[in-house]
Amino acid sequence: MRSPEHLHLTDWASLEHSYGSGSDVPGWIRALYAEDEAVVGKVLGELFDRALHQGTVSSAGAAAVPYLAHAAVHAVHRRDDVLAFIATTGGAEEEYEGEEEESGFEDKVTGRTLASRELPGLLGLLRGDPDPEVRRQVVRVARWAAGESRSLALDALVVCHREDPSPVVRAEALTVLGFLDADPGGRLRAALADPEPAVRATAALGLLERAGAPYPAELVAVLVEDGGVPDFRVGWGEWFPGVGNTDDRLRRLLDADPEATRAVAAAWIAAGDHDGRGARRALRLAARWYGYRDETVALLIAALPHQREWYWRMKVLDGLAHLVARCPEPGPVVEAVLPHTVDPDWRISRPAQLALGRAGDIRLLTAVPEPDAAALDALAARTDDFALRRRALAPHRSPYGGALHSGADELLGALTPESAAPLLPELTALLRTCPDPKLVRFLGGSGLDDPELRRLLGELANGDDRCLAPAAAVAAARLGADPEPALRLLAERADCLAEAALLGPLGMPLLPLVERYLTEGHVRQRVEAAEAHWRITGDPARAVPVLLAALDRTAAGARALAVLRRIGRPLPGEQRALVEGWLATDRSRPVGRDHYWSVPEEDRLREEARLLLAVRG
């Protein structure tokens, strides 16, 4: 622990933080002792942003730790945040090399060593500091106790867990003791009988992590009953590496058990949904488990009135907007979101209006003076109202300002060539104003024979946009233009195999490239190459084995399934059994296997599977 008077002993100019030289760190350290809390808050922002950028401790941040420990004891304001900096430093895995006399720390000093070294001087705060948040952060620094400081920390934490007047601090001490002492004598089990709900919930969480799924019902019951209290610090957004936050621990734990997730979410929402913790569990239930749509919708409707913070109100409304299209009876969702459709905060009104649009509820047009473009798009995709479709195709500006954007996404997916024909002027205007690949590909397959449309596509094909130019060239060729620009742009482009497939027989010169990727590259590229080979040659013989080998509950597997369905060949026995299993309504099976897989992708996969299984030999 070093006072500011010793700052000159460190060669700060030789150190660095994420934005350059560490020469400005001494000024920040001195400012931590200011009487003005706003000044302290500003320099803490600099320290966290620059010296501890995204959890990576810079050499200047490491050298600051002894001085920050002194400030944590002697400063006036925000000492808990100073301690949070030290706790986060302890979670860094990188090493910082330097000479003691030059930089203030020894060779091969780890973040854990830095935190542990200062711990003995901080443990006194556990006994005498009146601020429970300061005491809690000292507990978190103690997570990194090692060597001689470890026994001191264990003794102090045992007393803290037993005697601290704050349930929050006692629960935190129980957690850190589990990291340092592996629960000798059943400390966690004993804590299940603690008089404080927060301590009991913390004990249950620790025991559940050790038990593994399927979880013991009696431990889940403790988490359900006691975890909804504010003193059980779920800590969303609190990101100390190694110590972690309770929200992440709960997510990892409950992801393995949907029934436990549902029970926890329901109880915590009923208890007032403090800091959105129950709503978060409900949203995770929807994202992770396919068979819990109805339960999730009911949970989110129940959670919505409890949301006082705009962020969690927005997230709950987002969740309902995503789920309502799959609801056989969307009425309860519509009634729940309707009051929020005219909220003055667009972050609230947009998802509420989107839910109305996806429910096909025309009150979006009568109850909302200026509906959001995405909501209009969703409603237009679910009606045959020509005037509404024209309106939905008009470009718009986002609430952030800036350039015009196309709001037509769901409508493009619902239009057919026949229904698109009367909308040609609007589609052409949209292409002229704000082109994007989805619109370009739709127009390429629309069969709309229009000179202005082909001219616009030709201009885009000659542009510099690496994604848009080949898509536009292919679209123009599909509408009768010269295919040479498309062939030139697609040559040797493994990332444009899907565009090559759209050319069909016109893509014959690309066949050598396509054939190479039938066996090379990522599975996604192989699937795209298989589709392109079939569409170019008209012969599925080379494509089918590649597609069958790719069948899996991933994005690439779903694409393979869709292509096989279009080819129209029945599945062999082994693959048929696999795909039949995907249609099972097994509520214990999580959604997909891809990191980016979601319930809508699962919906599409199941629909493609149903259609393909209907193909008979």
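All values reported here derive from a predicted model rather than from experimental measurement.

Calculation notes
Residues numbered from 1 in each chain as written. Predicted model: local features only at pLDDT ≥ 70, side-chain atom pairs only at ≥ 80, totals over all residues. Heavy atoms only, no water. Helix = DSSP H or I, 4+ residues; strand = E, 2+ residues; numbered from the N terminus. Buried < 20%, exposed > 50% of the residue type's maximum accessible area, 1.4 Å probe, protein only. Contact = heavy atoms within 4.5 Å. Areas by Shrake-Rupley, 256 points an atom, 1.4 Å probe, with all protein chains shown as cover. Lys, Arg positive; Asp, Glu negative; His and termini not counted. Charge placed at Lys NZ, Arg CZ, Asp CG, Glu CD. Disulfide = S-S within 2.5 Å. Core = buried A, V, L, I, M, F, W, Y, C linked by side-chain atoms within 4.5 Å. Phe/Tyr/Trp six-rings, centres within 6.5 Å; stacked < 30°, edge-to-face > 60°. Lys NZ or Arg CZ within 6 Å of the ring centre and 35° of its normal. Salt bridge = Lys/Arg side-chain N within 4 Å of Asp/Glu carboxyl O. pLDDT = per-residue confidence, 0-100. Expected span 1.5 Å × (residues − 1). Polar contact = N/O pair within 3.5 Å; in protein donor to acceptor, adjacent residues only side chain to side chain. Axes fitted to C-alpha atoms, helices over the stretch in contact; angles between N-to-C directions. Parallel < 35°, antiparallel > 145°, perpendicular 65-115°, else oblique. Left-handed = near helix turned anticlockwise from the far one by under 90°.

Chemist: Can you help me understand the overall build of the protein in this one?
Modeler: Counting secondary structure elements, the protein contains 37 helices and six strands. Overall size of the protein, expressed as C-alpha extent along the three principal axes, is 80 × 55 × 55 Å. When each of the 617 residues of the protein is scored for burial, the buried share is 53%. Taking the intrachain contacts of the protein between residues at least 6 apart in sequence as the baseline, contacts between residues at least 24 apart amount to 60%. As presented, the protein carries roughly 27,000 Å² of accessible surface, and 52% of it is formed by carbon and sulfur atoms. With 72 positive and 92 negative side-chain charges, the protein shows a separation of 5 Å between the mean positions of the two kinds.

Chemist: Explain the state of the cysteines here, please?
Modeler: Among covalent bonds in proteins, the disulfide is the one between the sulfur atoms of two cysteines. Summed over all chains, the structure comprises zero disulfides. The cysteine cysteine 434 is free of any disulfide, with cysteine 467 supplying the nearest cysteine sulfur at 15 Å.

Chemist: How do you make sense of the nonpolar core when you look at a structure like this?
Modeler: Generally speaking, a soluble globular protein has its nonpolar side chains buried in company with each other. Residues Leu427, Leu431, Val440 and Leu457 are the most contacted members of the largest nonpolar core, which totals 79 residues. Of the residues forming this core, the biggest block, eight residues, is contributed by helix H29 (residues 468-478). Filtering out sequence-adjacent residues up to four positions away, leucine 427 remains in contact with Leu393, Leu412, Ala420, Leu439, Phe442, Leu443 and Leu448.

Chemist: How should I be thinking about the packing of aromatic side chains in this particular structure?
Modeler: Think of a pair of aromatic rings as described by two things: how far the centres are apart, and how the planes are tilted against each other in angle. All told, the structure shown has five aromatic pairs when counted by the stated rule. Relative to tryptophan 312, the ring of tyrosine 311 lies with its centre 4.9 Å away and its plane at 85 degrees, an arrangement referred to as edge-to-face. Assessed through its relative accessible area of 28%, tyrosine 311 is described here as partly exposed. You can call tryptophan 312 buried: its relative accessible area is 9%. Across the ring face of phenylalanine 179, the terminal group of arginine 143 is positioned such that the distance to the ring centre comes to 4.3 Å. Between the NZ or CZ atom of arginine 288 and the centre of the ring of tryptophan 289, over which it lies, the distance is 5.6 Å.

Chemist: Whenever I open this one, the environment of glycine 227 confuses me. Can you help?
Modeler: In this fold, glycine 227 is placed in the loop between helix H13 (217-226) and helix H14 (246-254). Considering only alpha carbons, one finds glycine 227 and valine 25, 202 residues apart in sequence, at a separation of 41 Å.

Chemist: Teacher, can you tell me more about the pattern of salt bridges here?
Modeler: Note that side chains of opposite charge can pair when their charged atoms are close. All told, the structure shown has 44 salt bridges when counted by the stated rule. Where aspartate 226 meets arginine 200, a salt bridge forms, and the shortest distance between an N and an O atom there is 2.9 Å. One end of the pair, aspartate 226, is in helix H13; the other, arginine 200, is in helix H12 (residues 197-211), with 26 residues separating them in the sequence. Judged by relative accessible area, aspartate 226 falls into the buried class, the value being 7%. The partner of glutamate 410 in a salt bridge is arginine 382, and the shortest N-O contact between them spans 2.7 Å. Remark: arginine 382 occurs in the loop between helix H22 (373-380) and helix H23 (386-392) and glutamate 410 occurs in helix H24 (residues 410-414); sequence separation between them is 28 residues. Among the charged side chains, a salt-bridge network with shared partners connects Glu133, Arg136, Arg140, Glu172 and Arg233.

Chemist: Would you take a moment to explain the confidence of the model for the protein for this structure?
Modeler: Low pLDDT means the predicted coordinates in that region are not meant to be read closely. In the predicted model, the protein carries a mean pLDDT of 89, and 92% of its residues have values of at least 70. Counting contacts from residues 97-107, a segment whose pLDDT is below 50, to residues more than four positions away or on other chains yields 28 contacts.

Chemist: I tried to follow helix H2 (residues 37-51) on my own but got confused; where do I start?
Modeler: Since one α-helical turn is 3.6 residues long, residues separated by three or four positions face the same way. End to end, H2 covers 20 Å across 15 residues, agreeing with the expected 21 Å (1.5 Å per residue, within 8%). Those residues of H2 hidden inside the fold are in contact with strand E1 (16-17), helix H1 (25-31), helix H3 (59-74) and helix H4 (79-90).

Chemist: Could you clarify how one ought to interpret the environment of leucine 122 in this entry?
Modeler: For leucine 122, the location among the structural elements is in helix H6 (residues 111-122). Taking the C-alpha atoms as reference points, leucine 122 and leucine 83, 39 residues apart in sequence, are found 9.2 Å from one another. Those residues within four positions of leucine 122 in sequence are excluded, and the remaining contacts are Met1, Ala69, Ala72, Val73, Leu83, Ile86, Val138 and Val141.

Chemist: Sorry, what's going on with the side chain of histidine 77 here?
Modeler: Inspection of the secondary structure assignment puts histidine 77 in the loop between H3 and H4. For histidine 77, a relative accessible area of 19% corresponds to the buried category. Side-chain polar atoms of histidine 77 contact the backbone oxygen of glutamate 35, separated by 2.7 Å.

Chemist: Quick question: what am I supposed to make of the side chain of arginine 280 here?
Modeler: When you line up the elements, arginine 280 lands in helix H16 (residues 277-288). Looking at arginine 280, its side chain comes within polar contact range of the side chain of aspartate 247, at 2.8 Å. In this structure the side chain of arginine 280 is engaged in a polar contact, spanning 2.6 Å, whose partner is the backbone oxygen of aspartate 275.

Chemist: What is the right way to read the packing of helix H18 (residues 310-323) against helix H20 (residues 346-358) from this model?
Modeler: Relative orientation and spacing of two packed helices are given, respectively, by the angle between their axes and the distance between those axes. The interhelical angle for the contact between H18 and H20, taken along N-to-C directions, is 15 degrees, at an axis separation of 8 Å. The pairing of H18 with H20 is recorded here as roughly parallel in orientation. The element H18 and its partner H20 pack so that their crossing is left-handed. Contact with H18, carried on its side by Trp310, Arg313, Met314, Leu317, Asp318, Ala321 and His322, involves Arg347, Ile348, Pro351, Ala352, Leu354, Ala355 and Arg358 of H20 and no other residues of that element.

Chemist: Just to check I follow, could you spell out unusual backbone geometry for this structure?
Modeler: Peptide bonds are, in most cases, trans, and in most cases residues other than glycine have a negative phi. A cis amide bond links alanine 213 to the next residue, proline 214, at an omega of -5 degrees. On the secondary structure map, proline 214 appears in the loop between H12 and H13. Despite not being glycine, aspartate 273 shows a phi value in the positive range, around 50 degrees. Within the secondary structure, aspartate 273 sits in the loop between helix H15 (258-270) and H16.

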